[in-house]
Amino acid sequence: MRIAVVQLSYGEGADESVAERAARVADLVREHAPGHDLVVLPELWSAGGFAVSEWEERSQSLEGPDLPEALAPLREAVRGTGAVLHTGSVVERTAAPGPEGRHLRNTSVVLDPEGEVVATYPKIHRFGFGGGEPRLMEAGGDLVVTDLPAPADALTVGLSTCYDLRFPELYRAQVDLGAQMFVVPAAWPAPRVEAWRLLLRARAIEDQCFVVACNTAGEHAGIRMGGFSAVIDPWGTVLAEAGTGQEVLSVEIDPGQVDRARTDFPVLGDRRL
Ligand SMILES: NC(=O)CCC(=O)C(=O)O
C-alpha cells in the first residue's frame, strides 16, 4: 500500500482565498496522487488552523449533493488517479445548530477514487482552552473507524484530528473497534512540535498501529506551523518524516505488519481493565 502525505505550507499565499487555495491544493493532488492508494492532506488548510476570525466566512456546507468550494476541485483532481483522498478537515457549517447552539465543526472528509464522500469525522477534542474551537465549534461525538474503499482497503482506519492526539483513550477505543491504522491531519504549531513527534510514535507503539500524520507548514495568523508529518509503523519506527517546509512524503507500507506485530508481541492481550 503506497501512501502520499501532502504537508502543505501556507507560505507566501497566506492571504489567498478559499478558491485560490483549493485550486493550488487540487494541483498538488493531481500531481502526486497517481501511483498512490491513499493521499492525506492536513487539518483546516482551507480556513487556516489558527485563523479563528476567518472560520465563519470560510466555512463549508457538506449538506446536499454538491461538494463545497474547498472540496469540489479536489473531487475533480482525484478522479482518474485511482487513489482514495483524505482531504484533511474543513470548517463545516451545519444548517441546524448542535447541542451547544453552534453551527460550525472541524470535520474531516474522505473521498473515494471517484470523488464521492465515503467518511466524515467531526473532531471530538476541540483545541483552544475556552477560546478558538471550544468557543466557535461543536464537538464531534462519535468514534469513526472505517474500512476505506479500494485501493486503500488493506487496513481498518481510525480517524482523528490534531489535538485528539493528546487523548490516548480515543485511540485505544478505536483499536477496540478494529483500527489498524490511524490517520491524523493536523495544524500543530512549531513550538510544540517535539510533543507531536513523540505522541505520534507513542500512539503507534501502544496501539500497534500504523500512524499516518499530516501536519501543516509555513505561517498564518501569526503562528508558525510545525511540519514533521510522518508515517510510522506498528513498532514505532518512523518510515518517513518531513521537515518544516512544504513537502510530499511517498511511503510504501506492508499492511501485514500490524497482524505480525500483534502476534509476535501480543501486548494488547495483556490489558487489565
Ligand atoms: N489544531 C490543533 O488541534 C492544535 C493542537 C495543538 O497545538 C496542541 O495540542 O499542542
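If you're wondering where the values come from, they're calculated on a predicted model, not measured in any experiment.

Here we come to the overall build of the protein. Helix and strand counts for the protein stand at 6 helices and 14 strands. Across its three principal axes, the protein shows a C-alpha extent of roughly 50 × 40 × 35 Å. Within the protein, the fraction of its 273 residues that count as buried is 48%. Pairs at least 24 apart in sequence give 69% of the contacts found in the protein among residues at least 6 apart.

So, on to unusual backbone geometry. With omega at 5°, the peptide bond leading from A150 into P151 counts as cis. By the element assignment, P151 lies in the loop between β6 (144-147) and β7 (156-159). Unusually for a residue other than glycine, C162 sits at a positive phi of about 45°. Within the secondary structure layout, C162 lies in the loop between β7 and α4 (168-176). C162 gets classed as buried once you count the C-beta atoms within 10 Å, which come to 26. Unlike most non-glycine residues, A221 shows phi in positive territory, near 50°. Within the secondary structure, A221 sits in the loop between β10 (219-220) and β11 (223-224).

All right, on to the sheet that holds strand β14 (residues 247-252) then. Within the open sheet, the 6 strands sit side by side as β5-β4-β3-β2-β1-β14. Their pairing is mixed. Every other strand in the sheet has two partners, leaving β5 (117-122) and β14 as the edge strands with one partner each. Shown here is a sheet whose adjacent strand axes are inclined to one another by a mean of 25°, direction ignored. Note that strand β1 (residues 2-7) and strand β2 (residues 38-40) share 3 bridges and pair parallel. Across the sheet, the residue bridging to A4 is V39, located in β2. Helix-sheet contacts for helix α1 (residues 18-32) involve β1, β2, β3 (84-93) and β14, and the interaxial angle to β1 is about 155°.

On to the sheet that holds strand β8 (residues 181-185), then. Taking strand neighbours across the sheet as the criterion, the 6 strands line up as β6-β7-β8-β9-β12-β13 in an open arrangement whose pairing is mixed. Strand pairing shows two members of the sheet lacking a second neighbour, β6 and β13 (238-241), which therefore form its edges. Between one strand axis and the next, the sheet turns through 15° on average, direction left out of account. Where β8 meets strand β9 (residues 210-214), 5 bridges bridge the pair, whose relative direction is parallel. Within the sheet, the bridge partner assigned to P185 lies in β9 and is C214.

Counting 80 residues, the largest nonpolar core has V40, F210, V211 and V212 as the members making the most contacts within it. By residue number, the principal contributor to this core is β9, which donates 5 residues. Among all residues touching V212, those that are not within four sequence positions of it are I3, V5, V40, M181, V183 and V231.

Turning our attention to α1. For α1, which comprises 15 residues, the first-to-last C-alpha distance of 21 Å matches the rise-based estimate of 21 Å (1.5 Å per residue) to within 8%. For α1, the set of buried residues is V18, R21, A22, V25 and V29. The buried residues of α1 occupy one face: seen down the axis, they fall within an arc of 100°. Along α1, the residues that are exposed and aim more than 90 degrees away from the buried face are E20 and D27. Against β2, α2 (72-78) and β3 lie the buried residues of α1.

With that out of the way, let us pick up the site of the ligand. The local shell around the ligand consists of E43, G49, F127, C162, Y163, R166, A187, W188, P189 and R192. When grouped by side-chain class, the residues that make up the shell around the ligand number 6 nonpolar, 1 polar and 3 charged.

Let's shift gears to the pairing of β3. Here β3 lies mainly inside the structure; 9 of its 10 residues are buried. In the classification by handedness, the crossover that spans β2, the intervening α2 and the parallel β3 is right-handed.

What counts, and at which threshold
- Residues numbered from 1 in each chain as written.
- Predicted model: local features only at pLDDT ≥ 70, side-chain atom pairs only at ≥ 80, totals over all residues.
- Helix = DSSP H or I, 4+ residues; strand = E, 2+ residues; numbered from the N terminus.
- Buried ≥ 20, exposed ≤ 12 C-beta atoms within 10 Å, placed from the backbone.
- Contact = placed C-beta atoms within 7 Å.
- Pairing = 2+ DSSP bridges.
- Axes fitted to C-alpha atoms, helices over the stretch in contact; angles between N-to-C directions.
- Core = buried A, V, L, I, M, F, W, Y, C linked by C-beta atoms within 7 Å.
- Expected span 1.5 Å × (residues − 1).
- Arc of directions from axis to C-beta.
- Near = placed C-beta within 6 Å.
- Nonpolar A, V, L, I, M, F, W, Y, C, P; charged D, E, K, R; others polar.
- Right-handed = clockwise from strand over helix to strand, strands pointing away.

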